[in-house]
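Observations on chain architecture
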Amino acid sequence: MLSRLNPRQREAVEYVGGPLLVLAGAGSGKTSVITTKIAYLIKECGIKAHKIAAVTFTNKAAREMKERVGKLVQGKESRGLTVSTFHNLGLNIIRKEHKTLGYKAGFSLFDDQDTKSLIKDLMHKDFQTDADIIGMVQHMISNWKNDLIEPEQALGLAENDKETLAAAVYREYDRHLQAYNAVDFDDLIRLPVRLFRDHPDILERWQNKIHYMLVDEYQDTNVSQYLLVKLIIGYRGALTVVGDDDQSIYAWRGARPENLVKLGEDFPSLRIVKLEQNYRSTSLILRAANTLIANNPHVYEKTLWSEMGQGEQIRVISCRNEDAEAERVVTEILTHRIKKDASYKDFSILYRGNHQSRILEIKLQAFQVPYKISGGTSFFARHEIKDIMGYLKILVNPDDDNAFLRVINMPRREIGPSTLEKLGTYANQRHISMFHACSELGLEQSLSEKQVDKLRRFNHWLEKTRQRCYQDDSISAIREMIHDIDYEGWLHQNSSSPQVAERRMANVRILVDSLQDTLKRMQDDDDSASIEDAIARLVLRDMMEQQAEEDDSDRVQLMTLHSAKGLEYPHVYIVGMEEDLLPHRNSIDDGNIEEERRLAYVGITRARQTLTLTMAAQRKQFGEMLNCTPSRFLDELPPEDLAWEGKEQEPDKAKRERGRAALDSLKKSLGL
DNA sequence: TTCTAAGATGTTTTT
DNA sequence: CATCTTAGAA
């Protein structure tokens, strides 16, 4: 088991005497270290698998880790091992302890969009605002939660009108969540921390459950996550964390890379092991990465080296526009695949923002290249998925007014805004949910008989469905429910074409299948898992991937730079190497270039054999052609290692097209 | 209350 | 440009 490790890696695995920090450069085999260490703990240290918890940040990483541990430790021995995301761990804790925290079983989990729409509603109602500060407020609330600052404290700390407003919304928002029997993503960490702080007995129980903890991508932990780890670990110090400050790309969501330093302060006995040998990339690629990241300040110095051979030059391709860029990448992959005798799955295309995948998708389809886009909010942002999720949520948690509103007129139940408004105020006065208000007699006073009747009918129907769901097989009850509301018919009525409706319905089926699958998996691990738990799990997106990954067919992988972290591919294409895009506009504006540089670094270090960077001279934005400047990061790479293509002739062409565009707009403004 | 059509508005990254 | 919002008519 240990024979495949180098001395440093082996040290990291074998040291179990106290807290350990592994500073692992990109491609230095950190996943091997974690997975081997888990196996080592089970086999050599006699720690039971169900007493070990390993946490990461993405489902993808968690899944891969689980898989690799599975290869080292046979089925029985690995039973009950926890390998999950932080959020999943938090969800599990809240699930088991919801009563103490004051939540009812079946509590809803609000995703990003639910949160946004609630905040929007609150701001519309109680505060006069209309600008796009909603996103900002949402971000501020999230930050407060991550820093474990309560609404009252936030109110006290506020230094200007904007912050006072946001803090006031925060207070309202939290009250509403409570009333809805709902939690949001940040609560998944915050509530367990609060629980453990306030209830030493419960903390002790969990400390007995988790004897050893491993944290991957430690530089991405935020204040509350670090505190959660610290609480669980307690005085024992049975902890291994692995991190790399050069790969810290989540500061925007509260990650505190300083936690790397803080660990040493909090645990004076901390041992530090550095992994500096890279087993992934050719030395040219590695040199490019090193040169680039040298422009950033560093907490811990480390020098990555590799024995993988020099490899090919890094290619930089400049194209006319985004269309040409996408096409070039696709044809490039086609020829490369033949020349290198590689498979499609050896290639990955990385980009800064999800929207960039669209053009690529079109071109890939045009050339009939099999591909897979991973990550992105697309699936859960879809209408049909939101609708059904709404039904699922209200099914297990009737107090979820958010879900109630989503679902009430889907399909048409002829209950309009004014009726809902009245129902809302009534429910508010009585401090009950809208669903419960429907069955109250007092309603007749403010609403007409007709309206009340409609509400009652919905109320009865849902109540009946709920009973069916809890008495019979939940999944078939849910299938029946979808049939009951004739969702398929609704889709056909509201879709532009029958094909679109079919595709949407297929998505619904995927959702229900995944729910079934998730439920089964959870019950394998824990008999007490119920349909409510599986639904909450769905919101964390911990399953679509599983399904998709199971048929790990031969496809080109597309993803954002963020979700590429932790992965590797023989051939990597990074598209959109332009100012305002790779150092993203907003980051340039608020001076966050360093994190963007790390992002580029992460992208570059994904490549094993070849790396290709592409850019477009022009790009369409809001329907208008814009000229693009090459990314400053290109200038920060060693020039002698780069092979440029199409750099020179572009400016002329660009100028000509710009001239024509100007002429066109002039013609248009003259009404020609 | 629902439907329609013009208008505005906006694209970072994730659980 | 593509999506979502809002205003006005049926």
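Residues numbered from 1 in each chain as written. Chains lettered and ligands numbered in written order. Predicted model: local features only at pLDDT ≥ 70, side-chain atom pairs only at ≥ 80, totals over all residues. Heavy atoms only, no water.

Looking now at the packing of aromatic side chains. Describing an aromatic ring pair means giving the distance of the ring centres and the angle of the ring planes. Per the counting criterion, the structure on display carries eleven aromatic pairs. Over the face of the ring belonging to Tyr-250 we find Arg-253, whose NZ or CZ atom lies 4.4 Å from the ring centre. Above the face of the Tyr-344 ring, Arg-337 is positioned so that its terminal group lies 4.1 Å from the ring centre. (Phe/Tyr/Trp six-rings, centres within 6.5 Å; stacked < 30°, edge-to-face > 60°. Lys NZ or Arg CZ within 6 Å of the ring centre and 35° of its normal.)

Phe-196, Met-213, Phe-404 and Tyr-487 are the most contacted members of the largest nonpolar core, which has 100 residues in total. Two domains share this core, each providing at least three of its residues, namely domain 1 (7–94 + 189–275) and domain 4 (380–420 + 433–546). Residues within four places of Phe-196 in sequence aside, it is in contact with Ile-93, Ile-202, Leu-203, Trp-206, Leu-228, Leu-231 and Ile-232. One finds Leu-292, Ile-293, Leu-567 and Ala-607 within the second-largest nonpolar core, a separate group that totals 37 residues. (Core = buried A, V, L, I, M, F, W, Y, C linked by side-chain atoms within 4.5 Å. Buried < 20%, exposed > 50% of the residue type's maximum accessible area, 1.4 Å probe, protein only. Domains from an automatic or database assignment. Contact = heavy atoms within 4.5 Å.)

This part is about helix 1 (residues 7–14). Buried within helix 1 we find Gln-9, Ala-12 and Val-13. Along the long axis of helix 1, the arc covered by the buried residues comes to 100 degrees, so they all point the same way. Of the surrounding elements, those touching the buried residues of helix 1 are strand 1 (20–24), helix 2 (30–43) and strand 8 (271–275). You can read the cap of helix 1 off the contacts: a side-chain oxygen lies 3.0 Å from the backbone nitrogen of Arg-8, and it is on Asn-6. (Helix = DSSP H or I, 4+ residues; strand = E, 2+ residues; numbered from the N terminus. Arc of directions from axis to C-beta. Polar contact = N/O pair within 3.5 Å; in protein donor to acceptor, adjacent residues only side chain to side chain.)

As a further point, take the UniProt feature "binding site: ATP" (unreviewed entry) in chain A. UniProt's entry tags Ala-24, Gly-25, Ala-26, Gly-27, Ser-28, Gly-29, Lys-30, Thr-31 and Arg-280 with the feature "binding site: ATP" (unreviewed entry), counted in the numbering of this structure. These annotated residues cover 257 residues of sequence, and their C-alpha atoms all fall within 12.9 Å of one another, placing them together at a single site. Along the polypeptide, Ala-24 turns up in strand 1. The exposure class assigned to Ala-24 is buried, which follows from its relative accessible area of 0%. Ignoring any residue separated from it by four or fewer positions in sequence, one finds Ala-24 in contact with Lys-30, Val-242, Gly-243, Asp-244, Gln-247 and Leu-275. In this structure, Ala-26 sits in the loop between strand 1 and helix 2. Owing to a relative accessible area of 1%, Ala-26 belongs among the buried residues under this scheme. Ignoring sequence-local partners within four residues, the contact set of Ala-26 consists of Asp-244, Gln-247, Asn-278, Arg-280, Leu-304, Tyr-601, Thr-605 and Arg-606. (UniProt positions renumbered as here; feature names shortened; annotations may be inferred.)

Attention shifts here to the sheet that holds strand 8. In spatial order, the strands read 3-2-6-7-1-8; together these six strands make up an open sheet with parallel pairing. Strands with a single pairing partner mark the edges of an open sheet, and in this sheet they are strand 3 (82–85) and strand 8. Across the sheet, the mean angle from the axis of one strand to that of its neighbour is 15 degrees, orientation sign disregarded. The pairing of strand 1 with strand 8 spans five bridges and is classified as parallel. If you follow Ala-24 over to strand 8, its bridge partner there is Leu-275. Relative to the sheet, helix 2 contacts strand 1, strand 2 (52–56), strand 6 (212–215), strand 7 (239–243) and strand 8, its axis offset from that of strand 6 by approximately 170 degrees. (Pairing = 2+ DSSP bridges. Axes fitted to C-alpha atoms, helices over the stretch in contact; angles between N-to-C directions.)

Take the pairing of strand 1 next. Taken across its five residues, strand 1 has five buried, putting it largely inside the fold. Here strand 1 shows no split at all, with Leu-20, Val-22 and Ala-24 on one side and Leu-21 and Leu-23 on the other all buried. Note: strand 1 against strand 7, four bridges, orientation parallel. Within the sheet, the bridge partner assigned to Leu-20 lies in strand 7 and is Thr-240.

To continue, consider the protein's contact with DNA strand B. Lining the immediate environment of DNA strand B, one finds 28 residues, of which Arg-352, Asn-354, Ser-418, Thr-419 and Phe-622 sit closest. In the model, a base oxygen of DNA strand B is placed 3.5 Å from a nitrogen or oxygen of the His-87 side chain. A distance of 2.5 Å is found between a phosphate oxygen of DNA strand B and a backbone nitrogen or oxygen belonging to Asn-354. The set of elements that each furnish at least two residues to the surface near DNA strand B consists of helix 19 (417–430) and helix 27 (561–564). Split into classes, the residues belonging to the surface near DNA strand B amount to six nonpolar, 15 polar and seven charged. (Near = heavy atom within 4 Å. Nonpolar A, V, L, I, M, F, W, Y, C, P; charged D, E, K, R; others polar.)

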